[in-house]
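Each chain is listed here by its residues.
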Amino acid sequence: MTKLLYVQASPRGERSFSVSVADAFVSSYRESHPGHEIETLNLFETALPEFDGYALEAKYAILHGQSPTDDQRAAWKAIEAVIDQFKSADKYVFAVPMWNFHLPYRLKHYIDILVQPTYTFSYSPDRGYTGLVTGRPVLVSYARGGSYPPGSESEGYDFQTKYFEAILGFIGLSDIRRLVVEPTLMDPEAAARAKQTAVARAKEMAKTF
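What counts and what doesn't
- Residues numbered from 1 in each chain as written.
- Predicted model: local features only at pLDDT ≥ 70, side-chain atom pairs only at ≥ 80, totals over all residues.
- Heavy atoms only, no water.
- 1 Å grid on protein atoms, 1.4 Å probe; cavity = no way out; pocket = protein on both sides within 12 Å on 5 of 7 lines; lining within 4 Å.
- Points joined across faces, edges and corners; volume = space filled by probe spheres on them.
- Nonpolar A, V, L, I, M, F, W, Y, C, P; charged D, E, K, R; others polar.
- Salt bridge = Lys/Arg side-chain N within 4 Å of Asp/Glu carboxyl O.
- Helix = DSSP H or I, 4+ residues; strand = E, 2+ residues; numbered from the N terminus.
- Buried < 20%, exposed > 50% of the residue type's maximum accessible area, 1.4 Å probe, protein only.
- Expected span 1.5 Å × (residues − 1).
- Arc of directions from axis to C-beta.
- Contact = heavy atoms within 4.5 Å.
- Pairing = 2+ DSSP bridges.
- Axes fitted to C-alpha atoms, helices over the stretch in contact; angles between N-to-C directions.

Draft legend 1. Up close: the layout of surface pockets. In this structure, the largest pocket encloses a volume near 230 Å³. Contributing to the lining of the largest pocket are 14 residues, with R12, P97, M98, G145 and T184 lying nearest its centre. Among the residues forming the lining of the largest pocket, the class breakdown is seven nonpolar, five polar and two charged.

What follows is the structure in structure tokens.
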């Protein structure tokens, strides 16, 4: 069965522009693909394993061909469980707001768990880095309080889309489709119109996702 993993990276629920647009996409997708499984992962409601102490020691033990201790192995199993959940999906939807020109810290935490050698990417002297999570489409619903159009002076502050899509590409996800709601803080009426436009596009895009 085809599985879609829907990752929410905002704690604002229905008040979130990124989540509202992504919700519309997922709802339309569910109607268009009734036999597909949809799993939702809210990063602000999920107890992600810490990537420190035993987990970090386990990573370097494995990288250096050493045998992890029991405590390190237990910590690494928690990391592997998150990676396995992610890799079990055939398609991905992300709701991603901009925080301080970048990503919410919980999403960065999630990325730091997922991006591991031999799990989501590999390296060889001949080929360099190779992403291992391939052939899967991604829809990202972005929202940001300001406006960062291509070619503008403010574009340089957009580390949200640049970083996130770079890291997705690094692990092999190259089919990335984007919806952006901006600006959400300048004018309530303009923000509502931008959201309405993005929701309409989301519903159409989901039909062929």
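Past the structure itself, the notes keep going.
Draft legend 2. Representation of the pattern of salt bridges. A complete count under the given rule lists eight salt bridges for this structure. Its salt-bridge partner being D70, residue R73 comes within 3.2 Å of it at the nearest N-O pair. Here the residue R73 and the residue D70 both occupy positions in helix α3 (residues 70–87), the gap between them amounting to three residues, near one helical turn. Exposure remark for R73: the relative accessible area of 34% places this residue in the partly exposed category.

Draft legend 3. Molecular detail of α3. If you check α3, its first and last C-alpha atoms are 25 Å apart, about what 18 residues at 1.5 Å a residue would give, namely 26 Å. Those residues of α3 lying buried are Q72, A75, W76, I79, V82, I83 and F86. Each buried residue of α3 sits inside an arc of 110° when the element is viewed along its axis, so together they form one side. Along α3, the residues that are exposed and aim more than 90 degrees away from the buried face are D70 and K77. In this structure, the buried residues of α3 make contact with β1 (3–8), α2 (53–63), β3 (91–97) and α4 (105–114).

Draft legend 4. Main features of the sheet that holds strand β7 (residues 176–181). Here we have five strands laid out as an open sheet, ordered β2-β1-β3-β6-β7, and parallel in their pairing. For this open sheet the edge positions go to β2 (37–42) and β7, each flanked by a neighbour on one side alone. Direction aside, neighbouring strands of the sheet carry axes that sit 15° apart on average. This element, helix α5 (residues 159–170), spans β3, β6 (138–143) and β7 of the sheet and lies at about 160° to β6. Against the sheet, helix α6 (residues 188–207) touches β6 and β7, its axis set at about 155° to β7.

It is worth stressing that arrangement in space is one thing and function is another; only the former is reported here.
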